[in-house]
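Spelled out, the chains give:
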Amino acid sequence: MRTYDFTPLYRSAIGFDRLAHLFDEALRSDAQPSYPPYNIELVGEDKYQITMAVAGFDRSELEIETERDQLKVVGRKQKEEGKRTFLHRGIAARDFEHRFQLADHVRVVGARLDNGLLNIELAREIPEALKPRKIEIGKTDNVQLLQRDAA
C-alpha cells in the first residue's frame, strides 16, 4: 500500500485538510466494501446516478440517508422464517452498508428500486452566488483622457 505525505500541503494551504483526508481514505482499498456491486454514472452536465445491484432486497429492507457531505446506503435483510436448503447459493443476501463521499453542493434528488437495481439520482446545484458571472467592460473614455493630459 502506498502512503503519501501531505505535510507540504498543510504548510501552504489552509482548509484543504478535508481534501487530504479524502485522498488518504481513497487509498485504503479495504475502506470500501465490494458488496453490493454498483455503478456511478454521469448522466448530464451536473447530474449523476448510482446504481446498486440489490437483488433479493425489498424496499423496506433498504435505507438511504444523507448527512452533511456523505451518502449512506444500508441494506438489512430480514431473517427468514424456517430453514432453507440450498444446493447452490449464488445470490448473496447479507447485510451491507456503503458510504459515498459527496462533493460540495451535490444532493440526492431521488431514488427508485426497479428489477433488483437501486437507482439513486444526484445533482450538483451550485448556489447563485458561486456561479460564474460576466463582468461588463466599461468604455475607454478614461484612458483617452489620461493620454491627452500626458501629451
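Use the structure listed above.
Residues numbered from 1 in each chain as written. Predicted model: local features only at pLDDT ≥ 70, side-chain atom pairs only at ≥ 80, totals over all residues. Heavy atoms only, no water.

Novice: Tell me about the sheet that holds strand 3 (residues 62-67), and name the residues and values.
Specialist: Hydrogen bonding along the main chain pairs the strands of a sheet, whether they run parallel or antiparallel. With antiparallel pairing, the 3 strands of this open sheet are ordered in space as 3-4-5. Unpaired on one side and paired on the other, strand 3 and strand 5 (96-101) mark the two borders of the sheet. Taken pair by pair, the neighbouring strands of this sheet meet at an average axis angle of 15°, ignoring direction. Sheet analysis places strand 4 (residues 70-75) next to strand 5, joined by 6 bridges and oriented antiparallel. Residue pairing across strands places Gly 75 opposite Phe 96, the latter belonging to strand 5. (Pairing = 2+ DSSP bridges. Helix = DSSP H or I, 4+ residues; strand = E, 2+ residues; numbered from the N terminus. Axes fitted to C-alpha atoms, helices over the stretch in contact; angles between N-to-C directions.)

Novice: Go over the sheet that holds strand 6 (residues 106-114), please, and point to the residues and values.
Specialist: Pairing is antiparallel in the open sheet, where 4 strands are placed in the order 1-2-7-6. Edge positions in the sheet fall to strand 1 (38-44) and strand 6, since each has one partner strand and no second. The mean angle between the axes of side-by-side strands here comes to 20°, regardless of whether they run parallel or antiparallel. In the sheet, strand 6 pairs with strand 7 (residues 117-124) via 8 bridges, with the strands oriented antiparallel. Bridging across to strand 7, Gly 110 finds its partner in Glu 121.

Novice: How would you summarise the packing of aromatic side chains if you had to cite specific residues and measurements?
Specialist: Applying the stated criterion to the full structure yields 3 aromatic pairs. With a centroid separation of 5.3 Å and an interplanar angle of 90°, the aromatic rings of Tyr 38 and Phe 100 are classed as edge-to-face. Of the two residues, Tyr 38 is situated in strand 1 and Phe 100 in strand 5; the sequence distance between them amounts to 62 residues. Accessibility expressed as a relative area gives 31% for Tyr 38, which makes it partly exposed. Judged by relative accessible area, Phe 100 falls into the buried class, the value being 8%. One aromatic cluster in this structure is built from Tyr 35, Phe 57 and Phe 96. The ring of Phe 57 carries the charged tip of Lys 77 above its face, separated from the ring centre by 5.3 Å. Here Arg 94 stacks its cationic end above the ring of Tyr 35, 4.0 Å away from the centre of that ring. (Phe/Tyr/Trp six-rings, centres within 6.5 Å; stacked < 30°, edge-to-face > 60°. Buried < 20%, exposed > 50% of the residue type's maximum accessible area, 1.4 Å probe, protein only. Lys NZ or Arg CZ within 6 Å of the ring centre and 35° of its normal.)

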